[in-house]
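Chain and residue survey
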Amino acid sequence: MKIKYLLFTLAAVLMSSAALYAQTPEEVVAKMQEQLLCADAEGYAMDMTMKMAIVGSATTHILVRGEKTKIQIAGNSGSEIDWTDATTKWAYDPAKAEVTVSAKPVEGKKDGDLAPFMNLTEGYKVISKGETADEWIFVCKKLSTNKDKDAAKKIDLKVSKKTCLPTFLQMKKSIVTMTIENVALGVTEDEVTFRPEDYPGVKIVDNR
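Residues numbered from 1 in each chain as written. Predicted model: local features only at pLDDT ≥ 70, side-chain atom pairs only at ≥ 80, totals over all residues. Heavy atoms only, no water.

1. Some details on the packing of aromatic side chains
In this description, a pair of aromatic rings is defined by centroid distance and the angle of the planes. Put simply, the rule is: Classification of ring pairs rests on two measures: the distance between centres of Phe, Tyr or Trp rings, Trp counted by its six-membered ring, which must be within 6.5 Å, and the angle between planes, read as stacked under 30 degrees, edge-to-face over 60 and tilted in between. In this description a helix means any DSSP run of H or I spanning at least four residues, a strand means any run of E spanning at least two, and both kinds are numbered starting from the N terminus. Relative accessibility decides the category of a residue: with a 1.4 Å probe and only protein chains considered, values under 20% of the type maximum give buried, values over 50% give exposed, and everything between is partly exposed. Criterion for a charge above a ring: Lys NZ or Arg CZ within 6 Å of the ring centre, and within 35 degrees of the ring normal.
One pass over the full model with this rule turns up five aromatic pairs. Taken together, a centroid distance of 5.6 Å and an interplanar angle of 75 degrees make the contact between Trp-83 and Tyr-199 edge-to-face. Of this pair, Trp-83 sits in strand 4 (residues 78–84) while Tyr-199 sits in the loop between strand 11 (176–185) and strand 12 (203–206); the two residues are 116 residues apart in sequence, bridging distant segments of the chain. Among the residues examined, Trp-83 registers a relative accessible area of 2% and is labelled buried. Ring geometry for Tyr-92 versus Tyr-199: centroids 4.8 Å apart, planes at 55 degrees, classification tilted. On the criterion of sequence distance, the pair formed by Tyr-92 in strand 5 (residues 88–93) and Tyr-199 in the loop between strand 11 and strand 12 is long-range, its members being 107 residues apart. When its relative accessible area of 13% is taken as the criterion, Tyr-92 is described as buried. Taken together, the aromatic side chains of Trp-83, Trp-90, Tyr-92, Phe-194 and Tyr-199 make up a single cluster linked through ring pairs. Seen from the ring of Phe-168, Lys-158 lies directly overhead, with NZ or CZ sitting 5.4 Å from the centre.

What follows is the structure in structure tokens.
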């Protein structure tokens, strides 16, 4: 009798714990966004692929720390590595063995912006599509109340259970499909700083 009672008690505790830790899609996304708020202080990295019909695709590995970025680009037209800080841009063309230095272009938003993750619950319904041992899987569907004509109709999202960081996001706008993967926190100053000594023999052209 005692064994049955203990088993019943244990089952009740486990069910209670499961209910306590059950999370809605909105709660998971909120935790993900909370984690991403650390990006400003810690820096972050991610891989982004842009695919366009006919034109082809380009993949970038992006590192961001404060106002500094390092972006490694590989696509159909070749490869390039760009560094920027608050005022300057360094563009390395491996094919020419040349680094061009110029004033940083004035842009509306920073390269590698995390906005696609931070705005997910605004104008979208987040729906669970299941889960694996490692990830939650969601689809975000545009609401009829979302009047942003440029907003994607559907966004696919995966979130790591271990870190609560996004592991995959994909959206399509017109003929462009954007995929973001491998988001990670923690980028050092050295990783986003251009140093001429790291590229011996490369010609540096200063156009500032």
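2. Some details on the side chain of Thr-84
How we decide: Any N or O atom pair separated by 3.5 Å or less is treated as a polar contact, with the protein-specific requirement of one donor-capable and one acceptor-capable atom, and with residues adjacent in sequence counted only for side-chain atom pairs. Should any heavy atoms of two residues lie within 4.5 Å, those residues are considered in contact.
Along the chain, Thr-84 turns up in strand 4. There is a polar contact of 2.5 Å between the side chain of Thr-84 and the side chain of Thr-69. Every residue in contact with Thr-84, bar those within four places of it in the chain, is listed here: Glu-67, Lys-68, Thr-69, Lys-89, Trp-90 and Lys-104.

3. Considerations on the pattern of salt bridges
Going by this rule: When a carboxyl oxygen of Asp or Glu lies within 4 Å of a side-chain nitrogen of Lys or Arg, that pair is called a salt bridge.
Counted under the stated rule, the structure contains eight salt bridges. Notably, a salt bridge pairs Lys-68 with Glu-189, separated by 3.0 Å at the nearest N-O pair. With a gap of 121 residues between them, Lys-68 in strand 3 (residues 68–75) and Glu-189 in the loop between strand 11 and strand 12 connect regions that are remote in the sequence. A salt bridge links Arg-208 to Asp-206; the shortest N-O distance between them is 2.6 Å. Its relative accessible area of 60% is what places Arg-208 among the exposed residues. Bridged by salt links that share partners, the residues Asp-190, Arg-195 and Asp-198 form one connected network.

4. Digging into the layout of surface pockets
Let me state the cut-off plainly: Of the two site types, the cavity is a set of points on a 1 Å grid over the protein atoms alone where a 1.4 Å probe fits but cannot get out, and the pocket is an open set with protein on both sides within 12 Å along at least five of seven lines, each lined by residues with an atom within 4 Å of a point. Grid points are joined across faces, edges and corners, and a volume is the space filled by probe spheres set on the points. Gly falls in the polar group here, along with every residue not listed as nonpolar (Ala, Val, Leu, Ile, Met, Phe, Trp, Tyr, Cys, Pro) or charged (Asp, Glu, Lys, Arg).
The space that makes up the second largest pocket amounts to roughly 250 Å³. What lines the second largest pocket is a set of 18 residues, and nearest its centre among them are Ala-58, Ile-73, Gly-75, Ser-77 and Gly-78. Of all the secondary structure elements, the ones that give two or more residues to the lining of the second largest pocket are strand 1 (44–52), strand 2 (56–65), strand 3 and strand 4. Of the residues belonging to the lining of the second largest pocket, the class tally is eight nonpolar, seven polar and three charged.

5. With respect to the nonpolar core
Going by this rule: The set of buried Ala, Val, Leu, Ile, Met, Phe, Trp, Tyr and Cys residues whose side-chain atoms join them within 4.5 Å is what this entry labels a nonpolar core.
Ranked by internal contacts, the top residues of the largest apolar core, which has 31 residues, are Met-32, Phe-117, Leu-120, Ile-155, Leu-157, Leu-169 and Ile-180. Every element with two or more residues in this core is listed here: helix 2 (25–36), strand 1, strand 2, strand 7 (124–131), strand 8 (135–142), strand 9 (154–160), strand 10 (166–173) and strand 11. If you look at the next biggest cluster of nonpolar residues, it comprises nine residues, including Ile-81, Trp-90, Phe-194 and Val-202.

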